[in-house]
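The lines below spell out each chain.
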Amino acid sequence: MAAAETPSERRFMVLGSVGFGKTTLLRALEGAGEAARKTQMVDYAGWGIDTPGEYSEMGMFRNHLITAANDAAVLLVIQDATRARSSFPPGFFLMFSQTVIGLVTKIDRPDADIAHASRLLRDAGVRGDIYPVSAVEGTGIEELRQRLLALGLVHHSASNTEE
């Protein structure tokens with residue numbers, strides 16, 4: 001990365017509720033095998049900006065997401081395919097100028113409903129692409145990685161390197 005580049009020129013931010021698989025997805029994109037840990041605060045380590053699920057779930061904390069989004073070029077909005085509800089109000093993502101991409105996670109689960117999860121993402125204002133993914137099985141991860149690579153947001157290698 002050139003020294004003149006800012007985080008918003010090379011970062012994406014992951015948003016979604018507690019337990020939706022944000023950190024696990026980030027680890028899968030990076031090719032890291034370590035177990036995901038609970039995200040306690042906005043985390044700028046690694047390829048993307050990881051956000052606590054509580055910020056998505058509690059209206060009084062959404063202003064933190066809006067502020068942190070200024071550091072991101074692309075927003076990845078996650079909806080768990082096994083959940084019946086979205087944590088975001090209708091049209092929430094229409095306020096952002098960044099590209100907003102939807103991700104339906106946990107598609108490997110027997111109770112997954114990809115169509116319903118996709119509708120919830122659309123209702124929340126996701127107008128961009130929606131990718132069904134399973135970080136556990138790796139389904140859709142390479143396609144998403146290639147999309148982010150095309151946007152200049154991830155490294156060519158999926159290996160986890162220490163900085």
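Note that the structure is predicted; figures quoted are calculated from it, not measured. (Residues numbered from 1 in each chain as written. Predicted model: local features only at pLDDT ≥ 70, side-chain atom pairs only at ≥ 80, totals over all residues. Heavy atoms only, no water.)

## Describing the overall build of the protein
For the record, the criterion: Where helices and strands are cited, they refer to DSSP runs of H or I of at least four residues and of E of at least two residues respectively, numbered from the N terminus. Partly exposed describes any residue whose relative accessible area lies between the buried limit of under 20% and the exposed limit of over 50%, with all areas from a 1.4 Å probe on protein chains only and scaled to the type maximum. We call two residues in contact whenever any of their non-hydrogen atoms come within 4.5 Å of each other.
Broken down by element type, the protein carries five helices and five strands. Listing the helices and strands of the protein from first to last along the sequence gives β-α-β-α-α-β-β-α-β-α. Split into buried and exposed, the 163 residues of the protein put 45% on the buried side. For the protein, restricting intrachain contacts to residue pairs at least 6 apart in sequence, the fraction spanning at least 24 positions comes to 72%.

## A look at helix 5 (residues 141–150)
So the rule is basically this: Directions from the helix axis toward the C-beta atoms define the arc.
Buried within helix 5 are the following residues: I141, L144, R145 and L148. One side of helix 5 holds all its buried residues, which, seen down the axis, span an arc of 100 degrees. In helix 5, the exposed residues that point more than 90 degrees away from the buried face are E143 and A150. Against the buried residues of helix 5 lie strand 1 (12–15), helix 1 (22–30), strand 3 (74–80), strand 4 (99–105) and strand 5 (130–132). Just downstream of helix 5 lies G152, where phi reads positive at about 75 degrees.

## Side note on the side chain of R11
Formally: In protein, a polar contact means a hydrogen-donor-capable atom and an acceptor-capable atom, both N or O and within 3.5 Å, with residues adjacent in sequence counting only if both atoms are side-chain atoms; elsewhere, any N or O pair within 3.5 Å suffices.
Assignment of secondary structure puts R11 in the segment before strand 1. For R11, a relative accessible area of 8% puts it in the buried group. A polar side-chain atom of R11 sits 2.6 Å from the main-chain carbonyl oxygen of Y44. Ignoring anything within four residues of it in the chain, the contact list for R11 reads Y44, G46, W47, G48, I49, D71, A72, A73, V74 and L153.

## Focus: the packing of aromatic side chains
For any pair of aromatic rings, the description rests on two quantities: the centre-to-centre distance and the angle between the ring planes. Heads up, the rule is: Working definition: a ring pair exists when centres of Phe, Tyr or Trp rings (six-membered ring for Trp) sit within 6.5 Å. Plane angles under 30 degrees give stacked, over 60 give edge-to-face, the rest tilted. A ring is considered to have a charge above it if a Lys NZ or an Arg CZ atom is located within 6 Å of its centre and within 35 degrees of its normal.
Per the stated rule, a full pass over the model turns up six aromatic pairs. Through a chain of ring-to-ring contacts, the aromatic side chains of F88, F92, F93 and F96 assemble into a single cluster. In this structure, R62 is placed above the aromatic ring of F92, and the distance from its NZ or CZ to the ring centre is 6.0 Å.

## Looking at the side chain of S118
Tracing the backbone through its elements, the reader meets S118 in helix 4 (residues 114–123). Given a relative accessible area of 18%, S118 falls into the buried group. Those residues in contact with S118, other than ones at most four positions away along the chain, are V104 and I130.

Interpretation in functional terms is not warranted from these geometric data alone.
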